[in-house]
Every structure is written in structure tokens, then in C-alpha cells.
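# Structural overview
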Amino acid sequence: MNFEFFIAKRLISTKKYKSSISAPIIKIAIAAIAIGVIMMLVSFATGMGLQMKIQEKIAAFNGHIIISNYDNNSSQVSLMPVSLNQDFYPEFKSVEGITHVQAVASKAGIIRTETDFEGIIVKGVGADYKWENFEDFMVEGELSDFSQNLNEDILISDYLARRMGFKIGDKVITYFLREDANRPPLLRAFEVKGIYSSGFQEFDELYILADIRHIQRLNNWEKDQVGGFEVFIDNFDKIDEKGGEVYENTGSLLDTQTIKQKYYSIFEWLSLFDFNIALIIGIMILVAGINMITALLVLILERTQMIGILKALGNGNWSIRKIFLYNAAYLIGLGLFWGNLIGLGMLFIQKYFKLFPLNPETYYVTEVPVYIGWEYIVGVNLGTLILCLLMLLIPSIVITKISPVKAMKFD
């Protein structure tokens, strides 16, 4: 039998322990650990959730890596065509980790109704388009099918639909300017097939998805000419590395750009969340550790006579310190239990019921996104337990200073 563990267990189970002077301090220490765990779990879940959600939304409209002609000059519309006959299309076999490549083209236009008009970008997509990215965005209607004959179906954002008064099945008259400004604009009539809402205002107020063959005809391109390619990878953490590999494995006339490069300011803003999470974790563990140190010191002072008796019976300092560390570990465990119960409960409620909204103009999402991953949950619990116990090694040195003779007279 583990002697230290046995004594610690007896101390914890005694009624006197629960009604002692140290009881309120112990409850405060447990509450501090629980609150710290809640804050850390919420910080991880919401910080990582927001990062992943925004990454997914940007990738849904751009892919992870964009391949285009150098002459496009980072324009959002396709100026110069790129041939479909590329070594990397339809499968990018020369670079590992590439999951999908799709051809796209875009053209600026103007939607006009009897009472209003709006500038838009029509993004042309084809049969190879990765529609799974849009399934979560759909609010009404259905996804278009551009794998068969040319059709006039389009997907329009909920923002544009409400702004212009469009509903499913409505005709959308769109005008496209010619290179020769003296000639009248080209006109196309589309039909609203579906309405999406990504919550990303920068995209929702601009993009309409249509058949890529419309863009080819409007630009007088051949069937094998497109505006560029969007490349998807299986691990976003390697986007910079894969972006370099894709660049090396494309032709000298083609440029590549990752979405981190294209939307640099957004991803710089997202990177601040890592610092915020680390700061919150540091503060919470420090607060929890200080409270546990206070509780341990009170427990030691309350059990000074017991310490003196154990020393008189031949127990070493480390053996007695272990008794109080076992005791502290039990208290930390209680704090972790309640912290996980409340923290994970809050996160699951937000994940499935979406009670807390956000302003999409500021945060690019309509509600607080939550990512629940066992890797950080285990890390928070183990990290809190280990760091708190390490912090408690210092105050437990007080035990070595207690004299058996003086301790047994202590009152």
C-alpha cells in the first residue's frame, strides 16, 4: 500500500477536513481552477474555430492556391486566358497533398433592375467545381449543375438577393462592358437557382456563380481557355510549403499565389488569436497556481501537529510533502472536473444551438464558431495538472522547515 496516498485519502475523506478553517480557501482554489479551465477551453475552441471557419470560407471562393496568368496583375477578374492543357490539370500528380484542381474564370458586370443596380463579379465554374464547399452556405434553392448543356442557372448571395429583391426562379439581367467603350455592353439573362450566405461580406456582396462557358463566350475565348485554376490541399498548415512546390511545378508563364498571400491582412489578424490564446492560458494557470499555493500553505499550517508526529515517527520530508501533493492533486482534479463539465457543456450548446451571434462585417462569421478537438482538451487538463503540481513543489518546502518538537506543541 502507498503510505502517502493512504494518509492523503484519509485527510480528504474526514468530516473535520470539510468543515475546517481552510474549507473556504480550498473551495476558492477549486473554483479558480474550474474557471481557468473554462476560460482556456473557450479560448481554444473559439479561437481555433474562428481561424478554421474563415480559412474554409476563403478557400471555398478561391481554393488554397491560385494559379493564373502573370498578366492578370492580381485582378479579381480574368483578363488573360490560360490553356486547360496543363500537366497539373485535372490531377496535380507532381506535388503530394493536392486533393483537387478546378478551372475557373471571372468577369465583372452590373446587375440592373427597374429601381436599382449593383456591381458584381460573375465567377464561372464548370463540371469539375468542388460544390461541397458551398453546401453549408446554401439558405434557399439548390446547387447548380454545369456538367451538362449550357444553362442560365446562377447562385446569388443572400445579401444581393435581399438588396436587389431577387427570389428563386427570378431573372437576373446582367450587363458586361466591352473593351471598346463606344460599343454597347453585352447583356445576359440568368435565372436564380440557389441563394447562399457565407457570412463573409467581402465575398457575398460581389460573387455570383454561373457556368464558365458564359465567361468564355463573353471574352471570345476558346473552349480550352480559362481564367485560372484553384488548387486545394489536404493540410492548411502546409500551405506556404505547398504554394512553393506548386509554383515550381507550373509553367514559367503562370503565377501562383496562396490565399494567405492574397488576403494577407486577414490572416495576419487571425494569427493574433494564437497570441491571445497563449496569453489567456498563461494568466489562467498563474491564477489557478497561486490559489492552489495559498490553499496548500493553509493545509500545511492546519496540519502542523500531524507533520511533527509523522517526523517524530521517522517519516522523511519528501514522504510528508507527497501526502500534501496528493491532497492538492485531488483538489486540482475537482477543479478540472467542474471546469470540463461546464466548459464543454457551454461549447456543445454553442456548437449545436448557436446562441451567441457575431457581426459578420467585423468577424466574417454570423455566430461564434466552435472547434471541439480532443487534442487541446487533453492538453489543457494535463498541462494544468502538471504545471500546478510543479508550482506546488516550492511551497511544500515549508514542511522541511517544521521541527517535530515545536510542531507537536503547535496550536
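Residues numbered from 1 in each chain as written. Predicted model: local features only at pLDDT ≥ 70, side-chain atom pairs only at ≥ 80, totals over all residues. Heavy atoms only, no water.

## Considerations on the overall build of the chain
When you go through the chain residue by residue, the secondary structure sums to 15 helices and 12 strands. What you see for the chain is a C-alpha radius of gyration of 31 Å, clearly larger than the 22 Å of a compact globule of 411 residues, by over 25%. Along the first, second and third principal axes, the C-alpha set of the chain runs to 105 × 45 × 35 Å. A buried classification covers 46% of the 411 residues belonging to the chain. For the chain, the accessible surface area stands at approximately 21400 Å², while carbon and sulfur atoms represent 57% of it. Measuring between centres, the 37 positive side-chain charges of the chain sit 16 Å from its 44 negative side-chain charges. (Helix = DSSP H or I, 4+ residues; strand = E, 2+ residues; numbered from the N terminus. Rg over C-alpha atoms; globule rule 2.2 N^0.38 Å. Buried < 20%, exposed > 50% of the residue type's maximum accessible area, 1.4 Å probe, protein only. Areas by Shrake-Rupley, 256 points an atom, 1.4 Å probe, with all protein chains shown as cover. Lys, Arg positive; Asp, Glu negative; His and termini not counted. Charge placed at Lys NZ, Arg CZ, Asp CG, Glu CD.)

## A few points about unusual backbone geometry
Residue Pro90 is bonded to the preceding Tyr89 through a cis peptide linkage, with omega at 5 degrees. Of note, Pro90 is situated in the loop between β2 (82-83) and β3 (98-112). Look at Asn220: it is not a glycine, yet its phi comes out positive at around 60 degrees. Of note, Asn220 is situated in the loop between α7 (212-218) and β10 (225-226). Within the chain, Lys354 stands out as a residue other than glycine whose phi angle is a positive 50 degrees. Examined against the element boundaries, Lys354 turns out to sit in the loop between α12 (317-353) and α13 (360-363). The exposure class assigned to Lys354 is partly exposed, which follows from its relative accessible area of 45%.

## Here we look at a nonpolar patch on the surface
Residues Phe348, Ile349, Tyr352, Phe353, Leu355 and Phe356 make up a contiguous nonpolar surface patch of roughly 680 Å² in combined accessible area. Positionally, Phe356 belongs in the loop between α12 and α13. (Patch = residues over 30% accessible without salt bridge, like charges linked within 9 Å, V, L, I, M, F, W, Y side chains within 5 Å. Salt bridge = Lys/Arg side-chain N within 4 Å of Asp/Glu carboxyl O.)

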